[in-house]
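These are the residues of each chain, in order.
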Amino acid sequence: MNIIIVSDTMAKPRVLTLGQIVLFLALLVAGIALLTSFLILPQADGKHHGVKALIPAALNLVSPNTQEHIDALAMQLGELQARMMRLDATSERLSGMAGISPSTPEEAQHEPGRGGPEVRGYGLDVPQLQEKISELLFEMERKQDQLSAIEAFMMQQSVQKNAFPNGHPVNGAYNSSSYGWRLDPFSGRMAFHEGLDFTSEVGTPIYAAAGGLVTTAEQTPDYGKIVKIDHGAGFETRYAHASELLVKVGDRVEKGQMIARVGTTGRSTGAHLHFEVRLNGAPLDPRKYLLN
C-alpha cells in the first residue's frame with residue numbers, strides 16, 4: 001500500500017510506502033515515551049546522567065524487599081542443611097548399633113517415587129514458602145528428638161551399666177533447655193550448645209558420670225579447666241569450667257568419684273559446670289542419659 005501526498009508547493013506528488021509509514025509511527029511513539037519519562041521521572045541534583053536516568057526504578061530485577069526475602073530463605077536453607085546433617089549422623093549411628101548397613105551413596109541419589117494428578121494446584125508466594133520451611137524445620141526437630149530417645153535406649157541396653165554415663169555429675173539441677181540451639185551469651189547470635197549447664201557454687205564437687213579412663217585434664221581458652229573421661233564403646237564425658245582438677249591423664253576413675261570442683265574458668269559468665277556426653281566425637285543430648 002502507498003500513500004500519495006500532494007502539496008501546492010511541490011512540483012510533483014510524494015509517495016510514502018507502508019514501511020516508511022511504520023517507521024515514522026515507531027519513531028513518533030519512541031519520542032513520546034522518552035519525553036514522558038523525562039518529565040515524570042525524578043531527577044538527581046536537577047540533572048540526568050545519560051540513559052540510566054531514563055530507566056524507571058520499577059525495572060530493577062531485585063528490589064530491596066525481595067532481597068530481604070531471599071536472604072531470609074537462604075538462612076533457613078542453611079539451618080535445614082545443618083539439621084539434615086545431624087539427622088544423617090544420628091541415623092548412621094543407629095544403623096551401626098542395630099547392625100543395619102546405612103544407605104549407599106547410589107541409593108541415596110535416587111529420589112523416592114511420587115506422582116498422581118494435579119488437582120487445584122497453585123503457586124506459593126514468599127510468605128507461604130517461609131511458612132512451609134518453618135513447618136519442615138519443626139518436623140525435623142521432632143524427628144531428631146525421637147531418634148535421640150531411641151539412640152539413648154539402645155545404648156543403655158548395649159553398654160555395661162558402670163560404663164554408661166547416667167550418673168549426675170553434681171548435686172544440683174540443670175538447665176533443661178541448655179542443650180541445643182540458643183542465643184550465645186557472649187555474641188548474641190544463634191549457636192548450638194553441645195552440653196548441659198549445672199549452676200552451682202564455686203568449689204562444688206564434680207563427680208564422674210561413669211567409670212572410665214581420664215584422657216584429658218588441662219585448661220583451654222573456651223572450656224577453661226576441663227576433664228575428659230573415656231568410658232569405652234565410643235563414649236566420652238566432658239566436665240568444663242572447673243576451678244580445680246583432682247585427677248590427671250591416665251587415672252582410672254569409678255562412677256561417682258569426685259574428679260574436680262565447679263568454677264568459672266574459660267568462656268563462662270558465672271560459676272557452673274558444663275557437662276557433655278559424646279559418642280565417637282559427636283555430641284549427644286545428656287538429658288537422655290542422666291538418671292531421673
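Being a predicted model, the structure only gives us computed values, none of them experimental.

Rules of the game
Residues numbered from 1 in each chain as written. Predicted model: local features only at pLDDT ≥ 70, side-chain atom pairs only at ≥ 80, totals over all residues. Heavy atoms only, no water. Pairing = 2+ DSSP bridges. Helix = DSSP H or I, 4+ residues; strand = E, 2+ residues; numbered from the N terminus. Core = buried A, V, L, I, M, F, W, Y, C linked by side-chain atoms within 4.5 Å. Buried < 20%, exposed > 50% of the residue type's maximum accessible area, 1.4 Å probe, protein only. Contact = heavy atoms within 4.5 Å. Phe/Tyr/Trp six-rings, centres within 6.5 Å; stacked < 30°, edge-to-face > 60°. Salt bridge = Lys/Arg side-chain N within 4 Å of Asp/Glu carboxyl O. pLDDT = per-residue confidence, 0-100. Polar contact = N/O pair within 3.5 Å; in protein donor to acceptor, adjacent residues only side chain to side chain.

**Student:** Give me the pairing of strand S8 (residues 224-232): which residues, what numbers.
**Tutor:** In this structure, strand S7 (residues 212-220) lies alongside S8, joined through seven bridges in antiparallel fashion. Bridging across to S8, Gln-219 finds its partner in Lys-225. Linking S7 to S8, which pair antiparallel, is a turn of three residues. Note: S8 against strand S9 (residues 235-245), six bridges, orientation antiparallel.

**Student:** Give a detailed account of the nonpolar core, specifying residues and quantitative values.
**Tutor:** Ranked by size, the top nonpolar core spans 28 residues in total, and within it Ile-206, Ile-229, Tyr-239, Ile-259, Leu-273 and Phe-275 carry the most contacts. Ranked by residues supplied to this core, first place goes to strand S12 (residues 272-279) with four residues. With near-sequence residues (within four places) excluded, Leu-273 lies in contact with Pro-169, Val-170, Leu-196, Asp-197, Phe-198, Ile-206, Tyr-239, Ala-240 and Val-262. Counting six residues, the second largest nonpolar core, distinct from the first, contains Leu-73, Leu-80, Ile-133 and Leu-137.

**Student:** Could you give an account of the packing of aromatic side chains, naming the residues involved and the relevant values?
**Tutor:** Applying the stated criterion to the full structure yields five aromatic pairs. Geometrically, the ring pair formed by Trp-181 and Phe-192 is edge-to-face, given 5.5 Å between the ring centres and 85 degrees between the ring planes. Highlighted residues: Trp-181 in strand S3 (residues 180-183) and Phe-192 in strand S4 (residues 190-193), separated in sequence by 11 residues. Taking the relative accessible area as the measure of exposure, Trp-181 reaches 35% and is therefore partly exposed. Centroid distance Phe-198 to Phe-275: 6.3 Å. Interplanar angle 75 degrees. Geometry classified as edge-to-face. A residue pair is termed long-range when its members are at least 10 positions apart, and Phe-198 in strand S5 (residues 196-199) and Phe-275 in strand S12 qualify at 77 residues. Residue Phe-275 is classed as buried on the basis of its relative accessible area of 0%.

**Student:** Give a detailed account of the pattern of salt bridges, specifying residues and quantitative values.
**Tutor:** In the structure shown here, the tally under the stated rule is 12 salt bridges. For Arg-238, the salt bridge is made with Glu-236, and the minimal N-O distance between the two is 2.8 Å. The same class applies to Arg-238 as to Glu-236, namely buried. Between Arg-261 and Glu-244 there is a salt bridge, with the nearest N and O atoms lying 3.6 Å from each other.

**Student:** Could you give an account of the confidence of the model for the protein, with specific residues and numbers?
**Tutor:** Mean pLDDT for the protein: 76, with 66% of residues reaching 70 or above. Note on residues 44-62: pLDDT under 50 across the span, and 12 contacts to partners over four residues away in sequence or across chains.

**Student:** Lay out the environment of Arg-261 in plain terms, naming residues and giving numbers.
**Tutor:** Here Arg-261 lies in strand S11 (residues 258-262). The exposure class assigned to Arg-261 is partly exposed, which follows from its relative accessible area of 27%. Sequence separation of Arg-261 and Glu-201 is 60 residues, and the distance between their C-alpha atoms is 9.4 Å. In contact with Arg-261, not counting residues within four places along its chain, are Gly-203, Thr-204, Pro-205, Ile-206, Ala-242, Ser-243 and Glu-244.

**Student:** How would you summarise the side chain of Glu-236 if you had to cite specific residues and measurements?
**Tutor:** Among the secondary structure elements, Glu-236 is positioned in strand S9. Overall, Glu-236 belongs to the buried group, its relative accessible area being 19%. Of the polar contacts made by the side chain of Glu-236, one reaches the side chain of Arg-238; its length is 2.8 Å. Excluding anything up to four places from it in sequence, Glu-236 contacts Thr-215, Lys-228, Ile-229, His-231, Glu-276, Val-277 and Arg-278.

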